Amino acid sequence: AQRVTQPEKLLSVFKGAPVELKCNYSYSGSPELFWYVQYSRQRLQLLLRHISRESIKGFTADLNKGETSFHLKKPFAQEEDSAMYYCALSRGDDKIIFGKGTRLHILP
Amino acid sequence: DAMVIQNPRYQVTQFGKPVTLSCSQTLNHNVMYWYQQKSSQAPKLLFHYYDKDFNNEADTPDNFQSRRPNTSFCFLDIRSPGLGDAAMYLCATSREKGWSNQPQHFGDGTRLSIL
């Protein structure tokens, strides 16, 4: 069965410290992985996708097929990074499977 | 510049009383999705439309139905809401089918409460 696991419900990090939000997936095919973010009182929006190999707002994520992981990283946390982050998997059809999300709280 | 608009933001209905949630989009996207999100849980896909083709998820209760009268609008109908249907309902769109045409663009959601 396809599954996305985000083991941390809440992650608190001091401003300026590195951030790593963990995501593991189970899927037998070749998935497309995404990170979505929801800032306070805003809608869910795409942060980045693995196929683009891009850095958005200082965040990067590398797909590790051996470990079936797609962890989200940022070297230096900023206060505006506080938000809910969802890892998501697309199976190649129209459907996206979301993880339960990790709330990132940046401490001043 | 809201592109996916959900009305209302908050909806209260009585147990068993039918309720309709509305979603409209200005993106002219072909695909529209409805998700249910309960507290501390992942958004769960209920169904989606590709143009006029309706695709129901296998585990979506029969109580939930949807209509898409045109490209811009999509409705979620809950025929007889139960207490377990209280949740945030998210509408999303994508330009075309297939993961290469993601991302999905989300609305703000409608929070449904059942009395």
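A brief look at the structure comes next. (Residues numbered from 1 in each chain as written. Chains lettered and ligands numbered in written order. Predicted model: local features only at pLDDT ≥ 70, side-chain atom pairs only at ≥ 80, totals over all residues. Heavy atoms only, no water.)

## Some details on the overall build of chain A
Convention followed: Helix and strand definitions here come from DSSP, where helices need a minimum of 4 consecutive H or I residues and strands a minimum of 2 consecutive E residues; each element is numbered from the N-terminal end. All radius of gyration figures rest on C-alpha atoms, and the globule criterion is 2.2 Å times the number of residues raised to 0.38. Three exposure classes are used, based on accessible area relative to the maximum for each residue type with a 1.4 Å probe and protein chains only: buried under 20%, partly exposed in between, and exposed over 50%.
Broken down by element type, chain A carries zero helices and 11 strands. Listing every helix and strand of chain A by position from the N terminus yields β-β-β-β-β-β-β-β-β-β-β. The C-alpha atoms of chain A give 13 Å as radius of gyration, which agrees with the globular expectation for 108 residues (13 Å, within 12%). Expressed as lengths along the three principal axes of its C-alpha atoms, the size of chain A is roughly 40 × 30 × 25 Å. Burial analysis of chain A (108 residues in total) assigns 43% to the buried set.

## Thoughts on the state of the cysteines
Counted only if it meets this: The disulfide criterion used throughout: a pair of cysteine sulfur atoms within 2.5 Å.
Using the criterion set out here, one finds two disulfides over all chains in the structure. Here Cys23 of chain A pairs with Cys87 of chain A through a disulfide, and the sulfurs are 2.0 Å apart. Across the disulfide from Cys23 of chain A to Cys87 of chain A, rotation about the S-S bond amounts to roughly -65°, and the bridge is consequently left-handed. Here the residue Cys23 of chain A occupies a position in the loop between β3 (19–21) and β4 (24–26), and Cys87 of chain A occupies one in strand β9 (residues 83–90), the gap between them amounting to 64 residues. For Cys23 of chain A, a relative accessible area of 0% gives the class buried. What pairs with Cys23 of chain B in a disulfide is Cys91 of chain B, and their sulfur atoms sit 2.0 Å apart. Note on the Cys23 of chain B and Cys91 of chain B pair: the S-S dihedral is about -75°, so by sign convention the disulfide is left-handed. Residue Cys23 of chain B is found in strand β3 (residues 19–25), and its partner Cys91 of chain B is found in strand β9 (residues 87–94); the two are separated by 68 residues along the sequence.

## What about the sheet that holds strand β7 (residues 60–61) of chain A?
All names here are of chain A. Rules: When DSSP finds at least two bridges between two strands, those strands are taken to pair.
If you trace the three strands from one edge of the open sheet to the other, you get β3-β8-β7, paired in antiparallel fashion. The strands lining the two open edges of the sheet, one partner per strand, are β3 and β7. Pairing geometry for β3 and strand β8 (residues 72–74), over three bridges, is antiparallel. Bridged to Glu20 within β8 is Lys73.

## Digging into unusual backbone geometry
Cis geometry is adopted by the peptide bond preceding Pro8 of chain B, which originates at Asn7 of chain B and carries an omega value of -10°. Positive phi, normally seen in glycine, also occurs at Arg41 of chain A, with a value near 65°. For Arg41 of chain A, a relative accessible area of 82% puts it in the exposed group. Positive phi values are uncommon outside glycine, yet Asp51 of chain B reaches one of about 60°. The residue Asp51 of chain B is located in the loop between β5 (44–50) and β6 (53–56) in this model.

## Brief notes about the interface of chain A and chain B
We count it as follows: It only takes one pair of heavy atoms within 4.5 Å for two residues to be counted as in contact. A quick way to say it: buried area is the sum, across both parts, of accessible area lost when two parts are put together, with a 1.4 Å probe. Between Lys or Arg on one side and Asp or Glu on the other, a salt bridge is scored when a side-chain nitrogen of the former is within 4 Å of a carboxyl oxygen of the latter. Each residue is assigned to one of three groups, with Ala, Val, Leu, Ile, Met, Phe, Trp, Tyr, Cys and Pro labelled nonpolar, Asp, Glu, Lys and Arg labelled charged, and all others, Gly among them, labelled polar.
With 20 residues of chain A at the interface, the matching set in chain B holds 23 residues. Summed over both partners, the interface of chain A with chain B buries about 1900 Å², with 54% contributed by carbon and sulfur atoms. Here chain A and chain B share one salt bridge between them. Asp108 of chain B is the partner of Arg43 of chain A in a salt bridge, and the nearest nitrogen-oxygen pair spans 3.1 Å. Only β5 (32–38), β6 (45–49), β9 and β10 (96–98) of chain A provide two or more residues apiece to the side of chain A that touches chain B. Of the residues forming the side of chain A that touches chain B, the biggest block, three residues, is contributed by β5 of chain A. Its residues assigned to classes, the side of chain A that touches chain B comprises eight nonpolar, four polar and eight charged.

## As for the environment of Arg67 of chain B
All names here are of chain B. Test applied: We define a polar contact as two N or O atoms separated by no more than 3.5 Å, with the added condition that, inside protein, one atom must be a possible hydrogen donor and the other a possible acceptor, whereas residues neighbouring each other in sequence contribute only through side-chain atom pairs.
As for its position among the elements, Arg67 is in strand β7 (residues 64–67). Note: C-alpha distance between Arg67 and Lys52 (15 residues apart in sequence) is 9.1 Å. Leave out the neighbours within four places in its chain, and Arg67 touches Thr20, Tyr49, Phe73, Cys74, Phe75 and Asp77. Polar contacts involving the side chain of Arg67 include one to the side chain of Asp77, which spans 2.7 Å.

In short, geometric facts, not functional conclusions.
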